[in-house]
Amino acid sequence: MSLVFHARDGFELHGHCYGDPLTAKAGLLIAPAMGVEQRFYADFAHWMAAQGWLVLSFDYRGMGASRPAALKQSLKGLDADIRTWAELDAAAALDELSRRLGGEPGEQRPIHWLGHSLGGQILGLLPNRERVSRAITVGCGSGYWRENAAALRRSVWWLWYVVVPLALPLFGYFPGRRLRKVGDLPRGVMAQWRRWCLQPDYMMGEGGAALRAHYAAFEAPMLSLAFTDDEFMSRRNVESLHSFYAGAQPVIRHFSPRDVGEKRIGHFGFFRSKFQTSLWPQVPQWLA
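Residues numbered from 1 in each chain as written. Predicted model: local features only at pLDDT ≥ 70, side-chain atom pairs only at ≥ 80, totals over all residues. Heavy atoms only, no water.

1. Remarks on a nonpolar patch on the surface
Stage number 1. Taken together, W157, W158 and Y161 make up a surface patch of nonpolar side chains, about 350 Å² in accessible area.
Stage number 2. The topology assignment puts Y161 in helix 4 (residues 150-171).
Stage number 3. The exposure class of Y161 is partly exposed, given its relative accessible area of 44%. (Patch = residues over 30% accessible without salt bridge, like charges linked within 9 Å, V, L, I, M, F, W, Y side chains within 5 Å. Areas by Shrake-Rupley, 256 points an atom, 1.4 Å probe, with all protein chains shown as cover. Salt bridge = Lys/Arg side-chain N within 4 Å of Asp/Glu carboxyl O. Helix = DSSP H or I, 4+ residues; strand = E, 2+ residues; numbered from the N terminus. Buried < 20%, exposed > 50% of the residue type's maximum accessible area, 1.4 Å probe, protein only.)

Below you can see the structure in the form of structure tokens.
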């Protein structure tokens, strides 16, 4: 079921709900990766709903169904950065899922978080993160470019030092579709992501000790699903990012394609339906 809800500043957001709120044993919020629309997660969301969860997916402002009609040709003028996506958009999605589950305070069914890449990075920023009972990250790590997977490291410097500095002032946003890189992104999102990716401590390089302490204070159990053939995230990226969630004491599980009888998993493969009998059960088993 498609749904419309509003961020805390009134911005209209679009999502999709899977499952029956009356019979669901818990909620699951899927937070997308950078440049990935919610519809990419539909097969997995349907499957989780069949396992008894009420699943909500959504698009950050400017992305997918949450891209206003007036901005279909260009995102120029959309004022948003990654913290906007986390503190306003993802927080509103979490509130919406909580509302749909209902229940009196103290009797509410648990809500779990599944963050793909960026979706796992931003959980620590949410003002209402205490509503999250358990968290799972998929293909999630620091974006620090010098520690990226080797294949990406050989080319991503061009994006950060040439393409982005030229494109943002020229277009007023990042025209990723035209450039065949990531996808269209608001100027503030891309500018902040670039700053983070050039810092050895990623977001902490900008947020400092206060942000580091804020992340460390998140204590819900956390599972990280990482893949040895991830074309973006190295093992060091994964370990670095999850060290920020010190209070959650994340469990990191690394999978190779050979472990599941496949030739490829990569950064996006987990959500493909061919993994519903091999990798997908990792999620309900952890959340049970």
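2. Structural notes on the packing of aromatic side chains
Stage number 1. Following the criterion strictly, the structure yields 21 aromatic pairs and no others.
Stage number 2. Geometrically, the ring pair formed by F44 and W47 is stacked, given 6.4 Å between the ring centres and 25° between the ring planes. With F44 and W47 both in helix 1 (residues 42-50) and 3 residues apart, the pair spans about one turn of that helix.
Stage number 3. Considering the side-chain rings of F44 and F271, the 5.6 Å spacing of their centres and the 85° angle between planes classify their relative orientation as edge-to-face. With F44 in helix 1 and F271 in the loop between strand 10 (251-255) and helix 9 (282-287), the pair connects residues that are 227 residues apart, well separated along the chain.
Stage number 4. Taking relative accessible area as the criterion, F44 reaches 0% and is therefore assigned buried.
Stage number 5. A connected cluster of aromatic rings, assembled from ring pairs, spans F40, Y41, F44, W47, F227, F232, F255, F268, F270, F271 and W280. (Phe/Tyr/Trp six-rings, centres within 6.5 Å; stacked < 30°, edge-to-face > 60°.)

3. Remarks on the pattern of salt bridges
Stage number 1. For the structure on display, the rule yields 15 salt bridges.
Stage number 2. A salt bridge links R8 to D95; the nearest nitrogen and oxygen atoms lie 2.9 Å apart. Of this pair, R8 sits in the loop between strand 1 (2-6) and strand 2 (12-18) while D95 is found in helix 2 (residues 82-101), placing the two residues 87 residues apart along the sequence.
Stage number 3. Given a relative accessible area of 47%, R8 falls into the partly exposed group.
Stage number 4. Residue D95 is classed as partly exposed on the basis of its relative accessible area of 36%.
Stage number 5. Note that E96 is salt-bridged to R99, the shortest N-O span being 2.9 Å.

4. Things to note about the packing of helix 4 against helix 6 (residues 187-197)
Packed helices, taken two at a time, are described by the angle their axes make and the gap between the axes.
Stage number 1. The interhelical angle for the contact between helix 4 and helix 6, taken along N-to-C directions, is 160°, at an axis separation of 11 Å. Between helix 4 and helix 6, the angle falls in the class roughly antiparallel. Remark: the crossing between helix 4 and helix 6 carries left-handed chirality. Each of L159, W160, Y161, V164, P165, L168 and P169 in helix 4 lies in contact with helix 6, whose residues at this interface are R187, M190, A191, W193, R194 and C197.
Stage number 2. Of the residues belonging to the contact of helix 4 with helix 6, the class tally is 11 nonpolar, no polar and 2 charged. (Axes fitted to C-alpha atoms, helices over the stretch in contact; angles between N-to-C directions. Parallel < 35°, antiparallel > 145°, perpendicular 65-115°, else oblique. Left-handed = near helix turned anticlockwise from the far one by under 90°. Contact = heavy atoms within 4.5 Å. Nonpolar A, V, L, I, M, F, W, Y, C, P; charged D, E, K, R; others polar.)

5. What about the sheet that holds strand 10?
Stage number 1. One open sheet accounts for 8 strands, arranged 1-2-4-3-5-6-9-10; its pairing is mixed. Edge positions in the open sheet fall to strand 1 and strand 10, since each of these has one partner strand only. Taking each pair of neighbouring strands and ignoring which way they run, the sheet shows an average axis angle of 25°.
Stage number 2. Relative to strand 2, strand 1 runs antiparallel, the two sharing 5 bridges. Across the sheet, residue V4 finds its bridge partner in strand 2, namely H14.
Stage number 3. The strands touched by helix 1 within the sheet are strand 2, strand 3 (26-31), strand 4 (53-58) and strand 5 (111-116), with strand 4 carrying the most contacts at an inclination of about 160°. (Pairing = 2+ DSSP bridges.)

6. Quick look at the packing of helix 2 against helix 6
Stage number 1. Here helix 2 crosses helix 6 at 110°, and the two axes come no closer than 7 Å. The angle between helix 2 and helix 6 places the two elements in the roughly perpendicular class. Across the interface between the two elements, I82, R83 and W85 from helix 2 touch V189, Q192, W193 and W196 from helix 6.
Stage number 2. Residue composition of the contact of helix 2 with helix 6, by class: 5 nonpolar, 1 polar and 1 charged.

7. Some points on the pairing of strand 5
Stage number 1. Taken across its 6 residues, strand 5 has 6 buried, putting it largely inside the fold.
Stage number 2. Here strand 5 shows a buried face lined by I111, W113 and G115 and a second buried face lined by H112, L114 and H116.
Stage number 3. When strand 3 meets strand 5, the two strands line up parallel, connected through 5 bridges. In the strand pairing of strand 5, A31 is matched with G115.
Stage number 4. As judged from the 6 bridges shared by strand 5 and strand 6 (residues 132-138), these two strands associate in the parallel manner. Across the sheet, L114 pairs through a bridge with I136, a residue of strand 6.

8. A few points about the state of the cysteines
Stage number 1. Taken as a whole and judged by the stated rule, the model has 0 disulfides.
Stage number 2. Left unpaired, C140 is separated from the closest cysteine sulfur, that of C197, by 12 Å.
Stage number 3. Classification of C140 by relative accessible area gives buried; the value is 1%. (Disulfide = S-S within 2.5 Å.)

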